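Each chain is listed here by its residues.
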There are 2 protein chains.
Amino acid sequence: MFIIGERINSTRKRVKEALANRDVQYVQNDARLQADAGAGAIDLNAAALVGQEKETLCWLVDVVQDVVSVPLCIDSPDAKAARAGLERVKNRPVFLNSISLEKNRYPTFLPLVKDFDASVVALCADDKYGMPKNFEDKLAVATALLDGLIRDGVDVTRIYVDCLVFPVGTDSQCSRALLAAISAVMQKYPGVHTVAGLSNVSYGLPERKLLNRTLLAMAIGAGMDAAILDPLDTELMATMYAAEVLAGRDEFCAEYIGAHRRGVLKPPEA
Amino acid sequence: MFIIGERINSTRKRVKEALANRDVQYVQNDARLQADAGAGAIDLNAAALVGQEKETLCWLVDVVQDVVSVPLCIDSPDAKAARAGLERVKNRPVFLNSISLEKNRYPTFLPLVKDFDASVVALCADDKYGMPKNFEDKLAVATALLDGLIRDGVDVTRIYVDCLVFPVGTDSQCSRALLAAISAVMQKYPGVHTVAGLSNVSYGLPERKLLNRTLLAMAIGAGMDAAILDPLDTELMATMYAAEVLAGRDEFCAEYIGAHRRGVLKPPEA
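Here the structure is a predicted model, which is why all the values come from computation and not from measurement. (Residues numbered from 1 in each chain as written. Chains lettered and ligands numbered in written order. Predicted model: local features only at pLDDT ≥ 70, side-chain atom pairs only at ≥ 80, totals over all residues. Heavy atoms only, no water.)

A. Representation of the relation of the copies chain B and chain A. Here chain B sits on chain A after a turn of 180° about the axis and a move of 0.0 Å along it, with an RMSD of 0.0 Å. Expressed as a symmetry operation, the mapping of one chain copy onto the other fits a two-fold axis. In terms of proximity to the rotation axis, the leading residue of chain B is B:Met218, whose C-alpha is 2.4 Å off the axis. Taken as a fraction of all interface residues of chain B, those also at the interface in chain A reach 100%, which identifies the copy contact as same-surface. (Least-squares fit on C-alpha atoms with pLDDT ≥ 70 in both. Contact = heavy atoms within 4.5 Å.)

Structure (structure tokens):
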């Protein structure tokens, strides 16, 4: 399971403040914690700092790569800011979050993928279906997006398809459709990756973390091999380790038993 | 999700004592608790009382059906004891646990299924493959068993196929095979049910309940619609409610929100 640590995101109030204040210690500490907890890449998002995104993102890249050696994931809706961030990143591979088939996104982000040989989160969104909720539309957009990226020279193993998570409280079939889409994409494109952010699923419902980690388990069961999540959420990570075992992806349960020895599998209160 | 409450099983030491002592209060209390916690049927097993199974099972049926109205599941490896138990059960439907393709089981248990119009747990086991661990063998045995039962006049909607849970600590691919078999059986035989006991999966590994409930979520994701479990395990039940939502089987999240209101979704310590 490949984990993209989601914590350094400017939509979180505490993070936005730290970025605005150029709080090196806060950002470096958070990056270290995520890497130590198992993040294979660290997402960096400064998009909420309107008018200062580019400079802030560049600063963020500099301070984070000073303290962690895991790959960075440049997360921006703005191609210019993303390019500036990507140029700053020393280590390879580098991740880009995200491309889609939307006409204001695909042509401006494809050159970034190519120029930096980036691994890329590919959102199932386009201008015809928007952000599709049902299985058929998700698969149609994913297929068009993957066929486009592959035709445009992106190696399939660099692509992390995000089939989009919606609040199940407003559409009882949307998670079922997501799981089916993950399974179909993994079967149709050998070597591709699937990824999801989880927390949107539980919007408006009680016990959100229970729903989020249960979705993680079910998505791993459907074949998903990456996630954008908070690796400091130990109950979520415990579910991830267990699901990896059950999906047959943890030979000799080595990761699971290692996590047990580090105390990660125990509920926080035990 | 259809839950068969597993607690009144003579392989558990406390239960065996209660059965040996004809402890009416213990057994009735446990049955009530399971029914209140959401069991759709209550498994009754007296097989560990060697030489006294039949009488004990009949006593057990009598005292349990005095206090709960949910269906009973007669669980015995002995066709004569099972018949005696089935004859005592007043309510319909009645469940039988279990038939398989083994030659010492199929011909003696099929008449019970027919005579009592029983819903039946059908174990993926035969004399050629034994208890198969890989996907192909599981599906081969499940197919032969289902084809046999259907040919012999058993309605497919009465059959609960158990694809067999093995310890993942000794075979890292066995749970993956189980999930694939569940999915294949559900697709191949519309109207059939799949069921599993979960706890065997975690044998020999730490944090067993974490693995058990994660398997439940993944199996529900694969289409499983019944389980033999302890409905008093609130964390397991919380995962079940969440997985049902995410599998699109809980319209308007009504069951989930009801469970939340009853306090079932909260971890025990919170």
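B. The arrangement of the packing of helix α8 (residues 208–221) of chain A against helix α9 (residues 234–246) of chain B in detail. Relative orientation of the contacting elements α8(A) and α9(B) amounts to 70°, with a least axis distance of 9 Å. Between α8(A) and α9(B), the interaxial angle falls into the category roughly perpendicular. The element α8(A) and its partner α9(B) pack so that their crossing is right-handed. Here A:Leu210, A:Leu211, A:Thr214, A:Leu215 and A:Met218 of α8(A) lie close against α9(B), whose contacting residues are B:Ala238, B:Thr239, B:Ala242, B:Ala243, B:Val245 and B:Leu246. (Axes fitted to C-alpha atoms, helices over the stretch in contact; angles between N-to-C directions. Helix = DSSP H or I, 4+ residues; strand = E, 2+ residues; numbered from the N terminus. Parallel < 35°, antiparallel > 145°, perpendicular 65-115°, else oblique. Left-handed = near helix turned anticlockwise from the far one by under 90°.)

C. Summary view of the confidence of the model for chain A. With 99% of its residues at a pLDDT of 70 or more, chain A shows a mean pLDDT of 97. The ipTM assigned to the predicted complex is 0.95, against a pTM of 0.96. (pLDDT = per-residue confidence, 0-100.)

D. A look at unusual backbone geometry. Omega for the bond connecting A:Asn97 with A:Ser98 falls within 30 degrees of zero, at 15°, which places this linkage in the cis form. Unlike most non-glycine residues, A:Cys253 shows phi in positive territory, near 55°. Its location among the elements puts A:Cys253 in the loop between α9 (234–246) and α10 (254–261). We note that B:Phe252 has phi near 60°; this positive angle belongs to a residue other than glycine. The topology assignment puts B:Phe252 in the loop between α9 and α10 (254–261).

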